[in-house]
Amino acid sequence: MMHDGSALNLVEMTPDGLTSGVIPLQDTPPPPAPSDSDQAGSLLRPGDTCWRVERADRMAVIVDAQDYFRTLKHALLNARHQVLLIAWDFDTRIRLEPDKDQPTPKGAPDKLGRYLAWLIRGRPDLQVHVLKWRFSGLWGLMRGMTPLWILNLMSGRRLHYRVASDHPLGACHHQKIVVIDDRIAFCGGIDITAERWDTRGHLDDDPRRRGPGPKLYEPYHDMTAIVDGDAAKSLGDLARLRWFHATGEKLPVPPRDADEKDVWPEKLQSLFDCPMVGIARTQPAFSGQEEAVEIERLWIAAIRAAKRHIYIEAQYFACRRIGKALVERLEEPDGPEIVVINPTVANGWLEEAAMGRARDHIMNALCALDPDGKRFACYAPVTPKGIRIYVHAKLLIVDDQILRIGSSNMNNRSMGVDTECDLAVALGRDSADEEGRVRLRALRDGLIAEHLGISLPLAARTIDEKGSLIAAIEALRQPKGKTLIPVNCQEVNAAETYLVEQALLDPERPRFPFQSFFHRLDWGWARRRRARRMKRDGHSLR
């Protein structure tokens, strides 16, 4: 099934009188609409809505970076052969546990770069590989980044830093994956970098919420997932493939030790036991890499599968295809309710001009279909003093059956321009998945409780009583204090409409067939060229 190529209006399905510009969509096969008999488990289709579907022994979701950084720090202690850190950004200067006076384990440094160097000194077979997106040189200096060639000189031969620039002009490498010996893996929205650490309390004035410099930053909300088993191994395959395309170096699969112990983090309760996990990608066609738009198809298929609730936490609310899918569901008289948790504004005037106006564009269409606000609502979390909590999470929960979490933003470029990786689980309605459904509801209700500054039991009880997420939030949110405040859509003027329509800052697909010349100007180009020549001549890439 293909679009006919004509321009589609995002709000053409809304009541008469709503004005908006026409939003052209490029030709892309949409995901097949599920029939009424489809089960949620059929959502994950390799080659369509995901790259692979693999079994994990356990899967958990870690909310906010305090727990993530601590869990990661202790998980790295089990590394023996290979650690892969694939990230949009990476800062060796940050502390992993700024809330602790004494680093643990005893003798281990707490700053990330020193901690990795400390790890490899005590493990003669361990290789650590770090791949991050190549910022522009000016942006990198503004962020206080140490040049990677200096990091390599400082770190020795078994700690490798590289940059990714193998993408079309205007695109970026955006995956956030950590894989340890192919036995445990993290995938989500949290970069291991500055201005990410925060607690679930999101305090107004937290002296621990400090970057490498003296400046305090605003509260920050995010999350990531952790898996083991075959799902972790497949994430290792994806990370090594990503490393190869970015550097020309082929990394080996780590060996399995005969005396392997369980490496699942202590005290971390699994969300699902033995789930089938879908791994979905966005990958633009470039430099020998085939296009993958699995994440876009996964999003739309999940929205179409919803019966009662669509709960979204997103940094942006700007993807036109997803917006159109939500409009279609809101048109249905008995369709699901939609709750979106978003930051009040995007970071920076340029992002706000692109993403903020696109959000207004989509919200105008949704609000026109639901003027009473009973089936669609967008909220932003704030602290007790009214300070915004920046939402960086990338989460979708549909009913109590579907979970999607990863690196992809709810904007156009995450669906076809940037490199992304998401994980998804789709539960059935039978008794075998009952415990998983209970835990997934608890995750959603716990997030709502966190944002409202209330207890999980109170949030869960009110949601059950009201039978509606929106009705429960409206009953529980307060005019002051830590709470959720409504995000009201703004009118979009002609110039802003043009910017949204043209998608100049947030394109759906790459617009240029060539790579930026400036992206080639990184210190590793000669090494990559040599590696490719060695591969062509039949030599080992190790």
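Quick note: structure is the one above.
**So, the packing of helix H10 (residues 434-452) against helix H12 (residues 469-476)**
Item 1. H12 packs onto H10 with a crossing angle of 25 degrees between their chain directions and a minimal axis gap of 11 Å. Classified by the interaxial angle, the pair formed by H10 and H12 is roughly parallel. Crossing of H10 over H12 shows right-handed handedness. Contacts between H10 and H12 involve Arg444, Ile448 and Leu452 from the first element and Leu469, Ile473 and Leu476 from the second.
Item 2. Counted by class, the contact of H10 with H12 contains five nonpolar, no polar and one charged residues.

**Brief notes about the side chain of Lys394**
Item 1. Looking at the element boundaries, Lys394 is found in strand E17 (residues 394-398).
Item 2. No salt bridge is formed by the buried Lys394; its nearest oppositely charged neighbour, Asp222, is found at 5.7 Å.
Item 3. Of note is the side chain of Lys394, whose polar atom sits 3.0 Å from the side chain of Gln315.
Item 4. Once residues lying within four places of it in the same chain are set aside, the contact partners of Lys394 are His174, Lys176, Gly189, Glu313, Gln315, Arg404, Ile405, Gly406, Ser407, Ser408 and Asn409.

**Re the pairing of strand E9 (residues 223-228)**
Item 1. For E9, the tally of buried residues reaches six of six residues, placing the bulk of the element in the interior.
Item 2. Neither face of E9 is exposed, since Met223, Ala225 and Val227 on one face and Thr224, Ile226 and Asp228 on the opposite face are all buried.
Item 3. As judged from the five bridges shared by strand E2 (residues 58-63) and E9, these two strands associate in the antiparallel manner. Note that in E9 the partner of Met59 across the bridge is Val227.

**Observations concerning the sheet that holds strand E7 (residues 184-188)**
In any sheet, the strands associate via hydrogen bonds between backbone groups, in a parallel or an antiparallel arrangement.
Item 1. Taking strand neighbours across the sheet as the criterion, the eight strands line up as E5-E4-E3-E6-E7-E9-E2-E10 in an open arrangement whose pairing is mixed. What marks the edges here is a single partner per strand, and that holds for strand E5 (159-164) and strand E10 (272-273).
Item 2. In the packing of helix H1 (residues 65-75) onto the sheet, the strands contacted are E2, strand E6 (177-180), E7 and E9, and the crossing angle to E2 comes to about 130 degrees.
Item 3. On top of the sheet, helix H2 (residues 112-121) reaches strand E4 (127-133) and E5; it is set at about 135 degrees to E5, its chief contact.

**Let's talk about the environment of Tyr316**
Item 1. Relative to the helices and strands, Tyr316 is located in the loop between strand E13 (309-314) and helix H7 (320-331).
Item 2. By relative accessible area, Tyr316 is classed as buried at 7%.
Item 3. For the pair Tyr316 and Met410, spaced 94 residues apart in the sequence, the C-alpha separation amounts to 5.4 Å.
Item 4. Among the polar contacts made by the side chain of Tyr316, one reaches the side chain of Gln315 at a distance of 3.3 Å.

**Re the pattern of salt bridges**
Item 1. Tallied over the full model, the rule gives 36 salt bridges.
Item 2. Taking the shortest distance from any N to any O, the salt bridge between Lys73 and Asp110 comes out at 2.7 Å. On the criterion of sequence distance, the pair formed by Lys73 in helix H1 and Asp110 in the loop between strand E3 (82-87) and H2 is long-range, its members being 37 residues apart. Side by side, Lys73 and Asp110 carry an identical accessibility label, which is buried.

**A closer look at the environment of Ala368**
Item 1. With respect to the helices and strands, Ala368 occurs in helix H8 (residues 349-369).
Item 2. Its relative accessible area of 25% is what places Ala368 among the partly exposed residues.
Item 3. Spatially, the C-alpha atom of Ala368 lies 9.9 Å from that of Val327, the residues being 41 residues apart in sequence.

**Side note on unusual backbone geometry**
Item 1. The phi dihedral of Asp64 falls on the positive side, at around 75 degrees, and the residue is not glycine.
Item 2. Tracing the chain through its elements places Asp64 in the loop between E2 and H1.
Item 3. Among the residues examined, Asp64 registers a relative accessible area of 1% and is labelled buried.
Item 4. Even without being glycine, Cys274 reaches a positive phi, approximately 55 degrees.
Item 5. Position of Cys274 relative to the elements: it lies in the loop between E10 and strand E11 (276-283).

Procedures and definitions
- Residues numbered from 1 in each chain as written.
- Predicted model: local features only at pLDDT ≥ 70, side-chain atom pairs only at ≥ 80, totals over all residues.
- Heavy atoms only, no water.
- Axes fitted to C-alpha atoms, helices over the stretch in contact; angles between N-to-C directions.
- Helix = DSSP H or I, 4+ residues; strand = E, 2+ residues; numbered from the N terminus.
- Parallel < 35°, antiparallel > 145°, perpendicular 65-115°, else oblique.
- Left-handed = near helix turned anticlockwise from the far one by under 90°.
- Contact = heavy atoms within 4.5 Å.
- Nonpolar A, V, L, I, M, F, W, Y, C, P; charged D, E, K, R; others polar.
- Buried < 20%, exposed > 50% of the residue type's maximum accessible area, 1.4 Å probe, protein only.
- Lys, Arg positive; Asp, Glu negative; His and termini not counted.
- Salt bridge = Lys/Arg side-chain N within 4 Å of Asp/Glu carboxyl O.
- Polar contact = N/O pair within 3.5 Å; in protein donor to acceptor, adjacent residues only side chain to side chain.
- Pairing = 2+ DSSP bridges.

All we've got here are geometric facts, nothing functional implied.
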